[in-house]
Amino acid sequence: MAATTETVEQVRAVTEQKYKYGFTTDIESDVAPKGLNEDTVRFISAKKEEPEWLLEWRLKAFRVWQEMEEPRHWAKLSYPPIDYQDAHYYAAPKMKDRPKSLDEVDPELLKTYEKLGIPLREQEILAGVEGAEGKSPAIAVDAVFDSVSVATTFKAKLEEMGIIFCSISEAVHKCPELVQKYLGSVVPYTDNFYATLNCAVFTDGSFVYIPKGVRCPMELSTYFRINQANTGQFERTLIIADEGSYVSYLEGCTAPKRDENQLHAAVVELVALDDAQIKYSTVQNWYPGNEDGVGGIYNFVTKRGACRGRNSKISWTQVETGSAITWKYPSCILQGDNSVGEFYSVAITNNFQQADTGTKMIHIGKNTRSTIVSKGISAGRAQQTYRGLVKILPKAEGARNHTQCDSLLIGDQCGAHTVPYIENRNRTARVEHEATTAKISEDQLFYCRQRGLSEEDAVSLIVNGFCKEVLKELPMEFAVEAQKLVGISLEGSVG
Amino acid sequence: MIEIKNLHATVDGKEILKGIDLTINPGEVHAIMGPNGSGKSTLSYVLAGRDGYEITEGSVSFFGKDLLEMEPEERAAAGLFLAFQYPVEIPGVANTTFLKSALNAIRKQRGEPELDAMQFLKLVREKTKALNMTDEMLKRAVNVGFSGGEKKRNETLQMAVLQPKFAILDETDSGLDIDALKIVAEGVNALRSPERSMLVITHYQRLLDYIVPDHVHVLAFGKIQRSGGKELALELEKNGYAEFGVNEAA
Ligand SMILES: Nc1ncnc2c1ncn2[C@@H]1O[C@H](COP(=O)(O)OP(=O)(O)OP(=O)(O)O)[C@@H](O)[C@H]1O
Ligand SMILES: [Mg+2]
């Protein structure tokens, strides 16, 4: 019961923040003024009552960012310039300007929820309907938002095992030494334009610490955290797996989110110490824009994992079907001897979507191994690029990489491109790369339709088959929804 | 059941079917024989609704409906099944998944309730056993890495599960060993019923020893040149197609 009360409290806190901060003075304001300067950074840090070191770190990042140039040339993407001054960098969870009921929500979005089988009340929360989280919270949490009550029930158990799972702002106060030690240790504040901007202005995200020898007994998911319904533009996630520990983390949820933020620049850092394992799965399904390419999210994210310890392992599994533009290269730094990095990816682009995605595997330690399986599906006029780097440093004796990149084209107006970079500086290392490009054949479509499947179901079935190697890496409950999602994202791609 | 009248079809401007007339009544089994390239598969594709064929003349009615107006999946739901001469591979899609999706898609189109996993498994296990196929083949991806004979057997399994009203078997006997031929023929015969009809395309009279047809037709140069009873198949086996102006050496 205590767990339920706690969640109710959390829900109330979210809805009440507006009153707590009020609107009188600048610093008390709900929303930071438009624009980006050092004061914006100070404002965010003050709002979060952060320690001095963190503010300093943010400011350093901001100063570096100002000198940086937006990487507009090397990736195969095109989009109008983004005005970084024309945005708010801090907003308390919004209680205004939200749809008053589902009637005001984009019907297309609702259709998708329905197809995914999401209950009505949960739909309201995902669509950001005014007061949806707050409406008699006890019901919202217990009866409807099952996953949340599951999470709170488990929270006590997790704490007992010494696992820390909270928002990163909370972690800054709860376990500052861990945050200070690891924040920016994988993705430094000088890393790249978007990551550096994130360092300066990140507002929230998740924090996970798994103590030595602990195997986290459940999948940890942002979906379980209710405040996630209002993700910031600049999320920051930090996961630390101490020696001999294991954790599986799920990011996002498979229902598409209504979100008015155009630009998303998240950073995810993973640290695996000796014999530790982190499995990180993502299903990204943000608004891709309409069939004419209007609107949609720009997703510029930096995800990197450090296999610091011997025999450690990090696996990235991603299913990317959303966003107008995706720019994303989850990477592994294989520093510990015998450490293993894996990247399993499905990226689907339809209509006018663009994706430039792939991975980097940096082999530093001896006998480090990496596996890359990338499945790209393009339909409509979408453009997709796999961009991967496999780098073997001189000391990486016996390192091995196997890369497999398969592209599937639907129709003849889309494009798929493969850009593998291989840098091998150790003669004992072995690097293998295979790439294929195929089209959904008329024969396959006709065969399925002769057996009674509609053209859309046939495409969905064939594409799911094409992605199978990757989808099977997803945790069970995710896999089923991801399969449906694959079909939904390709609707209207044939015929 | 199915009435084909003066059917003409062209591919890339080349006329392949040059006026086919054929009526099949409920319960009947018709066999079509004919030289390579005479248009047998083309006829089966046209009936199943494959893209790429232009129907320049003629009509096909199926249970009183205009078959040529229907989408391929609608024809399937109406009870038409084609066992492919060259079954298609679908990598990554398990045979069971494929079959279940197909069966439920058809049931859904017909307004029948879909089968759940348990019900489906029971049905498919039964049929698999009858065809002497292993469970292992059910788990494998559709036709991927199947031997020629296994593919044909798999087509028969699909037919047994989908229970069509009108089945076209395009050279389902090619590539089968002697035992498999018997098993497949038994599978086909098990489906024979007063409501169900079949069109069996074959090059070998041997198959017709097992699946005894009511009528045999010779298709050559895009037309049915001669029709008869099952003895016609024996005659063809002996004399070939020379009588129809087909040069055997060619
Ligand atoms: N896309 C195409 N373009 C041109 N010609 C085609 C095309 N498809 C089929 N044909 C021709 O149509 C003719 C009939 O082919 P079909 O496959 O129907 O023959 P068949 O009677 O089934 O032969 P087999 O006994 O060898 O299976 C052949 O001459 C073939 O080359
Ligand atoms: Mg043929």
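Definitions and limits used
Residues numbered from 1 in each chain as written. Chains lettered and ligands numbered in written order. Predicted model: local features only at pLDDT ≥ 70, side-chain atom pairs only at ≥ 80, totals over all residues. Heavy atoms only, no water. Helix = DSSP H or I, 4+ residues; strand = E, 2+ residues; numbered from the N terminus. Rg over C-alpha atoms; globule rule 2.2 N^0.38 Å. Buried < 20%, exposed > 50% of the residue type's maximum accessible area, 1.4 Å probe, protein only. Contact = heavy atoms within 4.5 Å. Areas by Shrake-Rupley, 256 points an atom, 1.4 Å probe, with all protein chains shown as cover. Lys, Arg positive; Asp, Glu negative; His and termini not counted. Charge placed at Lys NZ, Arg CZ, Asp CG, Glu CD. pLDDT = per-residue confidence, 0-100. 1 Å grid on protein atoms, 1.4 Å probe; cavity = no way out; pocket = protein on both sides within 12 Å on 5 of 7 lines; lining within 4 Å. Points joined across faces, edges and corners; volume = space filled by probe spheres on them. Nonpolar A, V, L, I, M, F, W, Y, C, P; charged D, E, K, R; others polar. Pairing = 2+ DSSP bridges. Axes fitted to C-alpha atoms, helices over the stretch in contact; angles between N-to-C directions. Salt bridge = Lys/Arg side-chain N within 4 Å of Asp/Glu carboxyl O. UniProt positions renumbered as here; feature names shortened; annotations may be inferred. Donors = N, O, S within 2.8 Å, 3.2 Å for Na, K, Ca; no water. Core = buried A, V, L, I, M, F, W, Y, C linked by side-chain atoms within 4.5 Å. Phe/Tyr/Trp six-rings, centres within 6.5 Å; stacked < 30°, edge-to-face > 60°. Lys NZ or Arg CZ within 6 Å of the ring centre and 35° of its normal. Near = heavy atom within 4 Å. Polar contact = N/O pair within 3.5 Å; in protein donor to acceptor, adjacent residues only side chain to side chain. Disulfide = S-S within 2.5 Å. Buried area = accessible area lost by both parts, 1.4 Å probe.

Turning our attention to the overall build of chain B. Scanning chain B from N- to C-terminus turns up nine helices and twelve strands. For 250 residues, the compact-globule estimate of 2.2 N^0.38 gives 18 Å, and the C-alpha radius of gyration of chain B, at 18 Å, lies within 12% of that figure. Based on the C-alpha atoms only, the size of chain B along its principal axes is roughly 55 × 40 × 35 Å. The buried share among the 250 residues of chain B stands at 54%. The contacts of chain B with a sequence gap of at least 6 include a subset with a gap of at least 24, amounting to 67%. Accessible surface, chain B: about 11,200 Å² in total, of which carbon and sulfur atoms supply 49%. Taking the average location of the 29 positive side-chain charges in chain B and that of its 36 negative ones, the two points are 5 Å from each other.

Time to look at the confidence of the model for chain B. Of the residues in chain B, 98% have a pLDDT of 70 or more, and the chain-wide mean is 92. Interface confidence for the predicted complex, expressed as ipTM, amounts to 0.96; the pTM equals 0.80.

Residues and elements named next belong to chain B. With respect to the secondary-structure elements, Leu-219 resides in strand S11 (residues 215-220). Separated by 183 residues in the primary sequence, Leu-219 and Asn-36 place their C-alpha atoms 9.9 Å from one another. Residues in contact with Leu-219, not counting those within four places in the same chain, are Ile-20, Ile-32, Met-33, Gly-34, Pro-35, Ser-38, Gly-39, Lys-40 and Ile-224.

Next up on the list: the layout of surface pockets. The computed volume of the second largest pocket comes to approximately 1,400 Å³. Around the second largest pocket sit 34 residues that line it, and A:Ser460, A:Leu461, A:Asn464, A:Gln483 and B:Ser101 are the ones nearest its centre. Going through the elements one at a time, helix H12 (455-466), helix H13 (468-471) and helix H14 (476-489) of chain A together with strand S7 (90-94) and helix H3 (95-109) of chain B are the ones with two or more residues in the lining of the second largest pocket. For the lining of the second largest pocket, the class distribution of residues is twelve nonpolar, twelve polar and ten charged.

Further remarks concern the side chain of B:Glu73. Structurally, B:Glu73 is set in helix H2 (residues 72-77). For B:Glu73, a relative accessible area of 11% corresponds to the buried category. If sequence neighbours within four positions are ignored, B:Glu73 has contacts with A:Arg449, A:Gly452, A:Leu453, A:Ser454, A:Glu455 and B:Gln109.

This part takes up the sheet that holds strand S12 (residues 223-228) of chain B. Residue and element names in this part refer to chain B. Taken in spatial order, the six strands make up an open sheet running S6-S9-S10-S3-S11-S12, and their pairing is mixed. Both edges of this open sheet fall to strand S6 (80-83) and S12, since each of them pairs with a single strand only. Taken over all neighbouring pairs, the strand axes of this sheet differ in orientation by 20° on average, direction set aside. In this structure, S6 lies alongside strand S9 (residues 166-170), joined through four bridges in parallel fashion. Note that in S9 the partner of Ala-83 across the bridge is Leu-169. Taken strand by strand, helix H6 (residues 148-162) contacts S6 and S9, and its axis lies near 165° from that of S6.

Moving on, we get to the pattern of salt bridges. What the rule picks out here adds up to 28 salt bridges over all chains. Residue A:Glu320 pairs with A:Lys328 through a salt bridge whose shortest N-O separation is 2.2 Å. Overall, the relative accessible area of 3% leaves A:Glu320 in the buried class. Given a relative accessible area of 1%, A:Lys328 falls into the buried group. Each of A:Arg449, A:Glu455, B:Glu71 and B:Glu73 takes part in one network of salt bridges that share partners.

What follows is about the sheet that holds strand S20 (residues 430-439) of chain A. The strands making up a sheet are joined through hydrogen bonds of the backbone, oriented either antiparallel or parallel. Residues and elements named next belong to chain A. An order of S3-S5-S8-S10-S13-S16-S18-S20 is seen for the eight strands of this open sheet, with the pairing classed as parallel. Two strands bound the open sheet, and with one partner strand each, they are strand S3 (220-221) and S20. Note: S3 against strand S5 (residues 246-251), two bridges, orientation parallel. By the bridge assignment for S5, Leu-220 is matched with Tyr-249.

As recorded in UniProt, the feature "domain: ABC transporter" (unreviewed entry) lies at residues 2-246 of chain B. The distance from the first to the last C-alpha atom of residues 2-246 of chain B is 29 Å, and the span holds 38% helix and 29% strand.

With that settled, consider the coordination of the magnesium ion (ligand 2). Residues and elements named next belong to chain B. Here the magnesium ion (ligand 2) is held by Ser-41 (OG) and Gln-85 (OE1), and the distances to it run 2.0 to 2.1 Å. Placement of Ser-41 in helix H1 (residues 40-48) and of Gln-85 in the loop between S6 and S7 is noted, with a sequence separation of 44 residues between them. No difference in accessibility class separates Ser-41 from Gln-85, as the two residues are buried.

The next point concerns the nonpolar core. A:Ile377, A:Val463, B:Ile2, B:Leu47, B:Phe98 and B:Phe166 are the most contacted members of the largest nonpolar core, which has 67 residues in total. At six residues, the largest contribution of residues to this core is made by H12(A). Setting aside anything within four residues of it in sequence, one finds A:Ile377 in contact with A:Val346, A:Ala347, A:Ile348, A:Thr349, A:Gln384, A:Leu408, A:Ile410, A:Val463, A:Phe466, A:Cys467 and A:Leu490. Of all hydrophobic cores here, the second largest spans 50 residues; its members include A:Phe43, A:Leu263, A:Ala324 and A:Ile325.

Using the criterion set out here, one finds 23 aromatic pairs over all chains in the structure. With a centroid separation of 6.2 Å and 45° between ring planes, the pair formed by A:Tyr298 and A:Phe300 is classed as tilted. Through a chain of ring-to-ring contacts, three or more aromatic side chains come together here, namely A:Phe62, A:Trp65, A:Tyr84, A:Phe193, A:Tyr194, A:Tyr298, A:Phe300, A:Trp327 and A:Tyr329. Seen from the ring of A:Tyr246, A:Arg215 lies directly overhead, with NZ or CZ sitting 4.0 Å from the centre. One residue, B:Arg50, lies across the ring of B:Tyr45, its end atom 4.7 Å from the ring centre.

Residue and element names in this part refer to chain B. Near ligand 1 there are 15 residues, and of these Ile-16, Gly-37, Lys-40, Ser-41 and Thr-42 occur at the shortest range. Within the contact set of ligand 1, an oxygen atom lies 2.8 Å away from a side-chain nitrogen or oxygen of Ser-41. At 3.0 Å from an oxygen atom of ligand 1 is found a side-chain nitrogen or oxygen belonging to Gln-85. The fraction of the free accessible surface of ligand 1 (640 Å²) that becomes covered by protein chains is 65%.

Residue and element names in this part refer to chain A. Using the criterion set out here, one finds zero disulfides over all chains in the structure. Between Cys-166, a cysteine without a disulfide, and Cys-175, which holds the nearest cysteine sulfur, the sulfur-to-sulfur distance is 5.7 Å. Residue classification places Cys-166 among the buried positions, given a relative accessible area of 3%.

Where interface size is quoted, it is often the accessible area lost as the parts come together. In this assembly, 33 residues from chain B lie in contact with 18 residues from chain A. Summed over both sides, the interface between chain B and chain A buries roughly 2,000 Å², with carbon and sulfur atoms accounting for 62% of that surface. Summed over the shared surface of chain B and chain A, the number is four salt bridges. The shortest N-O distance in the salt bridge between B:Glu73 and A:Arg449 comes to 2.8 Å.

The next point concerns the pairing of strand S7 (residues 267-272) of chain A. Residue and element names in this part refer to chain A. When you tally the buried positions in S7, you get six out of six residues, the bulk of the element. A two-sided burial pattern is seen for S7, the buried positions comprising Val-267, Glu-269 and Val-271 on one face and Val-268, Leu-270 and Ala-272 on the other. Looking at chain direction, strand S4 (residues 236-241) and S7 are connected through six bridges and run parallel. What sits directly across from Arg-236, in S7, is Val-267. Of the pairings in the sheet, the one linking S7 to strand S9 (residues 298-307) comprises six bridges and is parallel in character. Counterpart to Val-271 in the pairing with S9 is Ala-306.

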